[in-house]
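# Results of the structural survey
Residues per chain, in single letters:
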Amino acid sequence: MASEYRETVQRRYYTVTGENPDESTVDNLISTGQSETFLQKAIQEQGRGQVMDTILEIKERHDAVKEIERNLKELHQVNRASSFVNRGATHLQVARKHQKNTRKWACFGIILVLIVILIIILSIRPWESNGSGGGGGGGGNPTPSSAPPPPPPAAT
């Protein structure tokens, strides 16, 4: 806690005089109790205008630091967003490859099913008649397939 107070006194001294105080000056200000009234004495001795100018300069520096901090935060957010976009693009490329692969295998599957159906249809041969009367092409008149031909007429 004492080191923070010493830093505060050093900053006040620098604000008023524009010089960094040495250790003995800081110790003297703290031991005599002038550290609390130092700023008020400076205002009385140097005039309010010069001290106010110094205070305004410090405020401007502080505002500039805040602006830099805000810009760094925005830059960090942009970098994170860029990272997310790059990862998203990579995921989209992978998804596109999967989609093409899936489409290719689906086409192979459909062709395979069509070939199996074609083989089944060709093995049944629905256009041939197997004597059960359902094939068509015969006109409804059954033809004997194993009857011997009639004998020739005898010559007398």
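Values in this document were obtained by computation on a predicted structure and should not be read as measured data.

Time to look at the overall build of the chain. Counting secondary structure elements, the chain contains 4 helices and 0 strands. When the helices and strands of the chain are placed in sequence order, the string is α-α-α-α. Burial analysis of the chain (156 residues in total) assigns 6% to the buried set. Summed over its atoms, the accessible surface of the chain is roughly 13,600 Å², and 59% of this surface lies on carbon and sulfur atoms.

Judged by nonpolar contacts, Val9, Tyr13, Val16, Val26, Leu29, Phe38 and Ala42 together constitute the single largest core of 7 residues. Those elements giving two or more residues to this core turn out to be helix 1 (2-17), helix 2 (23-32) and helix 3 (34-46).

Another aspect to go through is the pattern of salt bridges. One pass over the structure, following the stated rule, counts 5 salt bridges. With its nearest N and O atoms 2.1 Å apart, the salt bridge here joins Arg70 to Glu67. You can see Arg70 and its partner Glu67 sitting in helix 4 (residues 48-124), 3 residues apart, about one turn around the helix. Accessibility expressed as a relative area gives 43% for Arg70, which makes it partly exposed. According to the relative accessible area criterion, Glu67 is partly exposed, its value standing at 32%. Here the salt bridges share partners, and the residues they tie into one network are Arg6, Glu23 and Asp27.

On the surface, Ile110, Val113, Leu114, Ile117 and Ile121 cluster together into a nonpolar patch covering about 460 Å² of accessible area. Position of Leu114 relative to the elements: it lies in helix 4.

With that settled, consider helix 1. Under the 1.5 Å per step criterion, the end-to-end length of helix 1 is 22 Å for 16 residues, consistent within 8% with the ideal 22 Å. Of the positions making up helix 1, those classed as buried are Val9, Tyr13 and Val16. Buried residues in helix 1, looked at end-on, bunch into an arc of 70°, giving them a common side. Positive phi shows up at Gly18, right after helix 1, with a value of about 85°.

Per-chain confidence: the chain averages 82 in pLDDT, with 81% of residues scoring 70 or above. The secondary-structure element of the chain with the lowest mean pLDDT is helix 3, recorded at 71, while helix 4 shows the highest, at 92.

The rules behind these values
Residues numbered from 1 in each chain as written. Predicted model: local features only at pLDDT ≥ 70, side-chain atom pairs only at ≥ 80, totals over all residues. Heavy atoms only, no water. Helix = DSSP H or I, 4+ residues; strand = E, 2+ residues; numbered from the N terminus. Buried < 20%, exposed > 50% of the residue type's maximum accessible area, 1.4 Å probe, protein only. Areas by Shrake-Rupley, 256 points an atom, 1.4 Å probe, with all protein chains shown as cover. Core = buried A, V, L, I, M, F, W, Y, C linked by side-chain atoms within 4.5 Å. Salt bridge = Lys/Arg side-chain N within 4 Å of Asp/Glu carboxyl O. Patch = residues over 30% accessible without salt bridge, like charges linked within 9 Å, V, L, I, M, F, W, Y side chains within 5 Å. Expected span 1.5 Å × (residues − 1). Arc of directions from axis to C-beta. pLDDT = per-residue confidence, 0-100.

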